[in-house]
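Structural overview
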Amino acid sequence: MHHEEQIKSPVSFDVHVNRMPQKGLPVVIEANEKQRAALAEAHGLDSVKRFRAELMVTAWKRNGVKVAGQVEADIVQTCVVTLEPIENHISEDVSGLFLPEDSKLGREGFETAGEILLSADGPDSPELFSGDTIDVGALAEEFFGLGIDPYPRKTSAALQQKSDEAPDEPVESEFQRKLKSLIDKS
């Protein structure tokens, strides 16, 4: 066992691929408090208030597995400018293809531009898995990570909410001044 294989996603959810229903298997992952704390720590967030993934796991080709769905989350980050907490909502489409390591498709598909890559939705090549389970929770966490704004700023939030808290005012008017000067120049 490599060390990496033991690091599980906080929202890890294993699906047994050899017992897949014909119509596909719906999976809902609702992170509990402990999982949300672990997610926040892993992604450098103040907190994760809500994490929910709704996924459909279906058989794909001969023994591959396709995962599609959506991950929604409410997170709290620190503003890079004012260092105040900002709440952000994440909504990302989740999609992934998994192939068994020993499948012929898996081995050949990567070297050649074989039919597997062409028929896959999107540019992502399939991930290989060993054994009879895949971790769809880890996949959902990956897309959750993609949805996080690396440079959260308070200004856009202040503009959207037209907040009447005084502390936001100077930031907002400064932001608007910059906007006006940009518009005047054009």
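A brief report on the enclosed structure follows. Note that the coordinates shown come from a computational prediction; the quantities given were computed from them, not determined experimentally.

When helices and strands are counted, the protein chain shows six helices and seven strands. Reading the protein chain from its N end, one meets helices and strands in the order β-β-α-β-β-β-α-α-β-β-α-α-α. By sequence separation, contacts in the protein chain at least 24 residues apart represent 63% of the contacts at least 6 residues apart. Here the protein chain displays about 11800 Å² of accessible surface, and carbon together with sulfur accounts for 52% of that area.

This part takes up the sheet that holds strand β5 (residues 85-100). One open sheet holds the five strands; their spatial order is β2-β3-β4-β5-β6, and the pairing between them is mixed. Whereas interior strands pair on both sides, the edge strands pair on one side only; in this sheet they are β2 (25-30) and β6 (127-129). Between one strand axis and the next, the sheet turns by 25° as a mean value, whatever way the strands run.

This part covers a nonpolar patch on the surface. Together, V80, V81 and Y151 make up a nonpolar patch on the protein surface, roughly 310 Å² of accessible area in all. If you trace the backbone, V80 turns up in the loop between β4 (64-78) and β5.

Now for the pattern of salt bridges. In the structure shown here, the tally under the stated rule is five salt bridges. Residue R50 is joined to D74 by a salt bridge in which the shortest nitrogen-to-oxygen separation is 3.5 Å. Taken together, the positions of R50 in strand β3 (residues 47-60) and D74 in strand β4 put the pair 24 residues apart, joining distant regions of the chain. Here R50 falls in the partly exposed class, since its relative accessible area comes to 29%. Connected through salt bridges with shared partners, the residues E30, R52 and E54 form a single ionic network.

For the α-helix, the turn length of 3.6 residues means that residues three or four positions removed from each other point alike. Residues V136, G137, L139, A140, E141, F143 and F144 constitute the buried set of helix α4 (residues 136-146). A distance of 3.0 Å separates the backbone nitrogen of G137 from a side-chain oxygen at the start of α4, and that oxygen is part of D135.

The next point concerns the nonpolar core. With 31 residues, the main nonpolar core has F51, L55, V67, I134, V136 and F144 as its most contacted residues. Those residues within four positions of F51 in sequence are excluded, and the remaining contacts are V11, I29, E30, A31, R36, L39, V71, E72, A73, A140, E141 and F144.

A separate point is the pairing of β4. Judged from the 13 bridges that link them, β3 and β4 form a sheet pairing that is antiparallel. Its bridge partner being in β4, R52 is matched across the sheet by E72. Adjacent in sequence and paired antiparallel, β3 and β4 are bridged by three residues, among which K61 carries a positive phi angle near 55°. Where β4 meets β5, 14 bridges bridge the pair, whose relative direction is antiparallel.

We now examine the side chain of S9. One can find S9 in the segment before β1 (14-16). According to the relative accessible area criterion, S9 is buried, its value standing at 11%. A polar contact is formed between the side chain of S9 and the side chain of E141, at a distance of 2.6 Å. In contact with S9, other than residues within four places in its own chain, are D135, G137, A138 and E141.

Here the structure, examined in full by the defined rule, presents one aromatic pair. Ring geometry for F51 and F144: centres 5.3 Å apart, planes at 75°, overall edge-to-face. Residue F51 is located in strand β3, and its partner F144 is located in helix α4; the two are separated by 93 residues in the primary sequence. For the cation-ring pair, K61 lies above W60, with the distance from its terminal atom to the ring centre recorded as 5.5 Å.

Criteria and thresholds
Going along each chain's sequence as written, the residues are numbered from 1 onward. Given that this is a predicted model, residues contribute local features only at a pLDDT of at least 70 and side-chain atom pairs are listed and counted only at 80 or more, while totals for whole chains, interfaces and linings are drawn from all residues. No hydrogens and no water enter the side-chain calculation; it runs on all heavy atoms of the structure. In this text, helices come from DSSP runs of H or I with a minimum length of four residues, and strands from runs of E with a minimum of two, each type numbered from the N-terminal end. Whether two residues are in contact is decided by their heavy atoms, any of which lying within 4.5 Å being enough. Per-residue and other accessible areas were derived by the Shrake-Rupley procedure at a 1.4 Å probe size, with only the shown protein chains allowed to occlude residues. One requirement defines pairing of two strands: DSSP has to find at least two bridges between them. Axes here refer to lines fitted to C-alpha atoms; in helices the fit is confined to the stretch in contact. Angles between the N-to-C directions go from 0 to 180 degrees. A patch consists of residues exposed above 30% relative accessible area that lack any salt bridge, with like charges linked at up to 9 Å and nonpolar side chains (Val, Leu, Ile, Met, Phe, Trp, Tyr) linked at up to 5 Å. Throughout this description, the term salt bridge denotes a Lys or Arg side-chain nitrogen within 4 Å of a carboxyl oxygen of Asp or Glu. In this scheme, a residue with accessible area under 20% of its type's maximum is buried, one over 50% is exposed, and one in between is partly exposed, where area comes from a 1.4 Å probe on protein chains only. By the criterion applied in these results, polar contacts are pairs of N or O atoms within 3.5 Å in which, for protein atoms, one can donate a hydrogen and the other can accept it, and in which residues neighboring in sequence qualify only through two side-chain atoms. What is meant by a nonpolar core is a set of buried Ala, Val, Leu, Ile, Met, Phe, Trp, Tyr and Cys residues, joined one to another through side-chain atoms within 4.5 Å. Note on aromatic contacts: the rings of Phe and Tyr and the six-membered ring of Trp form a pair at centre separations within 6.5 Å, being stacked when their planes are under 30 degrees apart, edge-to-face when over 60 apart, and tilted otherwise. Lysine and arginine charges are scored as sitting over a ring when NZ or CZ, respectively, is within 6 Å of the ring centre and within 35 degrees of the ring normal.

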